[in-house]
Amino acid sequence: MSDWLPDDALVDEAQTRRAEIEAGLGAVHDRVETACHAVGRDPAEVTIVVVTKFFPVQDVRILAELGVRDVGENRDQEARLKLTSPTLDGVALTRHFIGQLQTNKAGSVASYADVVHTVDRDRLATALGRAAAGHGRTVQALVQVSLDPEAADDPDRPAGRGGVAPAAARALADLVAAQDHLELAGVMGVAPLGGDPDAAFERLLEVAVAVRTDHPEAAWVSAGMSGDLEAAVRHGATHLRVGSAILGSRPALR
Ligand SMILES: *Cc1c(COP(=O)(O)O)cnc(C)c1O
């Protein structure tokens, strides 16, 4: 018997997935355009980083074929396997690391990431700088700022989960900029769950402006996800990190 049936089914499945992703991308582009026009911004100022965590490398390939140039991952092991896979040979992509990063993973991440969004403490800044040097690479780095309202007034709040306290962000930005193999690109934030994203992104923009007075080249504001990208656009986001609105929902647990 010929095996044309299973092959055909696979082709169908790939085409269905491609159509789904294309529709998701189109819907998100429309949202970004509408949000930009509402505040008089040019949509060309806003880059969508498609967050591919949980999704297979074939989806990354489809995204690239549909014109996506920026993809993000949040876990080192998954990111390294996926983003260095032969499936992506010859595919032009900027690889963003957007997850919480342990210092002992800095060496790995610096080997494949073009951008790290989550530098939130001094030790990580220096470890990442050293690791990038060791790989003979230059990595773009963003200072992750905590947008938790309780962090706003406490510069000594321990960094960790949600980023550095806003009051400590400029000093951390100076340290990142001082690393020979890091380029300070800007700031990043995640709006607290259940909070008001407009208030959170307004705080982030204040920090971004302060950092830019010392480092005019640090122009990026990485903010906004599937659920709050309009608020991020209203408050000057240059990079949106969007996963589920493009690729569909992820399993609740991993
Ligand atoms: C997963 C993730 C995103 C994307 O979230 P969606 O709600 O799926 O768009 C953005 N930023 C970070 C830091 C993430 O971990």
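Now for a look at the structure at hand. Every value quoted in this text rests on a predicted model; they were computed, and no experiment measured them. (Residues numbered from 1 in each chain as written. Predicted model: local features only at pLDDT ≥ 70, side-chain atom pairs only at ≥ 80, totals over all residues. Heavy atoms only, no water.)

1. Here we look at the site of the ligand
In step 1: Close contacts around the ligand come from V51, K53, N74, I98, M225, S226, R241, V242, G243, S244 and R250, and that covers them all.
In step 2: For the ligand, an oxygen atom lies 2.7 Å from a polar atom in the side chain of K53.
In step 3: Between an oxygen atom of the ligand and a main-chain N or O atom of G243, the distance comes to 2.8 Å.
In step 4: If the ligand stood free it would expose 390 Å²; the protein chains cover 87% of that surface.
In step 5: Taken together, the residues of the shell around the ligand break down into four nonpolar, four polar and three charged. (Near = heavy atom within 4 Å. Polar contact = N/O pair within 3.5 Å; in protein donor to acceptor, adjacent residues only side chain to side chain. Areas by Shrake-Rupley, 256 points an atom, 1.4 Å probe, with all protein chains shown as cover. Nonpolar A, V, L, I, M, F, W, Y, C, P; charged D, E, K, R; others polar.)

2. Structural notes on the environment of E65
In step 1: Within the fold, E65 resides in helix α2 (residues 57–65).
In step 2: On the basis of relative accessible area, E65 is assigned to the partly exposed category, the value being 47%.
In step 3: For the pair E65 and D180, spaced 115 residues apart in sequence, the C-alpha to C-alpha distance is 34 Å. (Helix = DSSP H or I, 4+ residues; strand = E, 2+ residues; numbered from the N terminus. Buried < 20%, exposed > 50% of the residue type's maximum accessible area, 1.4 Å probe, protein only.)

Nothing here speaks to function; it is all geometry.
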